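# Examination of the molecular architecture
So you can see what is in the structure, the chains are spelled out below.
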Amino acid sequence: IQIPYGVPVDHELIADIVKWRMQTIRAGGKRERPAARAREAMPADIKELLDQQQLFEAYEERPPYQKNDYLRWILSAKKEETRQKRLHQMLEELREGDVYMGRAYMKKKRRNP
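If you trace the backbone, D69 turns up in helix 4 (residues 64-75). The exposure class assigned to D69 is buried, which follows from its relative accessible area of 17%. Apart from residues no more than four positions distant in its own chain, D69 is found in contact with R37, Y100 and M101.

See below:
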């Protein structure tokens, strides 16, 4: 819940929300999480291009959500020209290693147990 500054707080509404939440917790109800997005299958031409440019390993090191986002983004292009631009951007970002969808990206380091 977000209450903007300068707006009077409706204490009754907040009390009702808290009561409702307490009832759902007591009833064993949990907040529903959104369904996970389906994983996109790797198209053969993109796999072949990643292999040719020796970037498949860099692609595989990315988190699942990034791999899925890249494929959805590329495959959703309506024009072939747009698809190729997006594919080229993904390849460049994989080559650079510190960029994801035009933004800075820092690969998380795994901790040793």
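Having seen it, we continue.
Moving on, we come to the nonpolar core. Counting residues in hydrophobic clusters, the biggest one holds 13 residues, and the most contacted among them are I46, L50, Y59, L87, M90, L91 and L94. Residue assignment for this core shows that the elements contributing at least two residues are helix 2 (44-52), helix 4 and helix 5 (80-96). With 4 residues, helix 5 is the single largest residue contributor to this core. The residues touching L94, leaving out its near neighbours within four places in the chain, are L50, L55, A58, Y59 and R62.

What follows deals with helix 4. Counted at 1.5 Å a residue, the expected span for helix 4 with its 12 residues is 16 Å, and the 16 Å between its end C-alpha atoms agrees. Listed in full, the buried residues belonging to helix 4 are Q66, K67, N68, D69, Y70, L71 and I74. Contacts from the buried residues of helix 4 go to helix 2, helix 3 (56-61), helix 5 and strand 1 (99-100).

Reading the values: rules and limits
- Going along each chain's sequence as written, the residues are numbered from 1 onward.
- The predicted nature of this model means local features are confined to residues of pLDDT at least 70 and side-chain atom pairs, given and counted, to a pLDDT of 80 or more, with totals for whole chains, interfaces and linings taken over all residues.
- The side-chain numbers reported here are obtained from all heavy atoms of the structure, hydrogens and water having been left aside.
- Think of it this way: any DSSP run of H or I at least four residues long counts as a helix, any run of E at least two long counts as a strand, and we number them from the N terminus.
- Think of it in three bands: with a 1.4 Å probe and only protein chains considered, a residue is buried below 20% of the maximum accessible area for its type, exposed above 50%, and partly exposed in between.
- Any pair of residues with heavy atoms lying within 4.5 Å of one another is described as a contacting pair.
- In this description, a nonpolar core means a group of buried Ala, Val, Leu, Ile, Met, Phe, Trp, Tyr and Cys residues linked to one another through side-chain atoms lying within 4.5 Å.
- To estimate the expected span of a helix, count its residues, drop one, and scale the result by 1.5 Å.

That is the geometry; function is a separate question.
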